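# Analysis of the macromolecular model
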Amino acid sequence: MKKYLLFIACLFILFSSESFSQRLTKKQLLEDLAYYRDTLPVKHKNLFNKISKTEFENKVARVAGKIDTLNYETFMVELFKLNVSIGDEHTRIEPKFKTALPVAFTAFDDGIFVTGIDREQSIALSSKLRAINGHPIDEINRKFKEVIKSDNPSYFETYEQQFLNNPSFLKGLGILNSGENAELTLQNRNGEIRQVTLHAVDKDSLNLALSAQYGSLLPYKERDRDYWYEYDPARKTIYFNFVHCVEDEHHPFLQFNEELFSKINSLRPEKIIVDLRFNSGGNSGVLSPFIDSIQQSYLNKKGHFYVLIGKQTFSSALMNAIAFKRYTNAILVGQMTSGNINHYGEVRGFRLPNTGIVIGYSTRYWENWKGRKGALLPDKKITYSSVNFINNRDEALEYIYQR
């Protein structure tokens, strides 16, 4: 069951449109808006599930009424606002961006922190974001809630942190005056405030200094692999990180699964942990051999089989987590998923003729668990703090190790 992760993930790949935006005319923007209005309802499986046709067309008309004031960035933002009103987590706006601010953020329960930055500014790693160009973080959050679905906090936080280093997007929201640079107000661990100016660079040239935890904490050790496992003999535990729902052409999953269960049968671990926290989807069928194998395993018992879910667990990975919850004895640990249990998906796309913006839309309804509403919730909720992250502590793994 393909969920087209790669298509969805590309919504957040950083490209810029600064020079292109200056060539757009009012007529071109109106043409794109009309194409969006007329095409999306026809192609979407059920566009008017949460918004009426009249309400949708009225919102489009209001955008048309202020077309004289819009450029590429602000027009893009208006499309995002329209998309929020549709309320479909898989129907997305894919703008054309080329540049990025050389910084990466991670949202913890105690705020948004710098976990990657231009190497010349590496002293700012682990600092808390307080403002961008003088706009306090509370104001920024309010602006982002106009353009990103916020009924699910996990969904909102996941996608906000991916757009916070996007100068074109920030300009469209009125946070930046230009797409060339930004001044960040950061607070270090001692409470000291620092102003850091970052200049936009081509996204392909990004070479950030990353927090040391990305090389030391277990979930991040094999960041370039789609799936991998590690055995901890002291804890008699196998940790299996399923990062992407895709086949590794050099190591097919069926072969990987056979190797994994051969190791389980020889080592006889007492626990197995499956980590889906950073998996945003792809093809849910990739994990099927593991699901079949674990159902028959001696580890399929309460207290011996744990599945980690979180803010980035979405689409096909969410479907896998639902399968574990429904058909195995797994205990789910972590945070609510960014995706809803039952949802529209199976994404396709069409391109607006003048701006080149791609509109991703859902073509199928997935009823993964009849009668259930909202996100998938963990059996044990975990709170993640920046302090523990800095101290190389993974709260979810620690909870399981102590069981």
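About the cut-offs
- Residues numbered from 1 in each chain as written.
- Predicted model: local features only at pLDDT ≥ 70, side-chain atom pairs only at ≥ 80, totals over all residues.
- Heavy atoms only, no water.
- Helix = DSSP H or I, 4+ residues; strand = E, 2+ residues; numbered from the N terminus.
- Rg over C-alpha atoms; globule rule 2.2 N^0.38 Å.
- Buried < 20%, exposed > 50% of the residue type's maximum accessible area, 1.4 Å probe, protein only.
- Contact = heavy atoms within 4.5 Å.
- Lys, Arg positive; Asp, Glu negative; His and termini not counted.
- Charge placed at Lys NZ, Arg CZ, Asp CG, Glu CD.
- Pairing = 2+ DSSP bridges.
- Right-handed = clockwise from strand over helix to strand, strands pointing away.

An unreviewed UniProt entry lists the chain under the name Peptidase family S41, with Chitinophaga hostae as the source organism.

With that settled, consider the overall build of the chain. Scanning the chain from terminus to terminus reveals 14 helices and 18 strands. What you see for the chain is a C-alpha radius of gyration of 22 Å, in line with the 22 Å of a compact globule of 403 residues. Each principal axis of the C-alpha distribution contributes one length, and for the chain these read about 70 × 50 × 35 Å. Out of the 403 residues in the chain, the part that is buried amounts to 55%. Restricting the contact set of the chain to residue pairs at least 6 apart, pairs at least 24 apart contribute 73%. Looking at the chain, you have 52 positive and 46 negative side-chain charges, and the mean spots of the two groups are 5 Å apart.

Two faces belong to every sheet, and in a regular strand the side chains alternate between them. Buried residues dominate strand S14 (residues 305-309), accounting for five of its five residues. Burial of the side chains of S14 extends over both faces: Phe 305, Val 307 and Ile 309 are buried on one face and Tyr 306 and Leu 308 on the other. Bridging between strand S13 (residues 271-275) and S14 involves four bridges; their strand directions are parallel. Directly across from Asp 275, in S14, lies its bridge partner Leu 308. In this fold, S13 hands off to helix H11 (residues 288-296), which returns the chain to S14; that crossover is right-handed. The pairing of S14 with strand S15 (residues 331-334) spans four bridges and is classified as parallel. Bridge pairing in S15 places Val 307 opposite Leu 332.

Let us now look at unusual backbone geometry. Phi angles above zero are rare outside glycine, and Asn 133 is one such case at about 50°. For Asn 133, the position within the fold is in the loop between strand S5 (128-132) and strand S6 (135-136). Of note in this structure, Lys 236 is not a glycine but carries a positive phi near 50°. Along the chain, Lys 236 turns up in the loop between strand S11 (227-232) and strand S12 (237-242).

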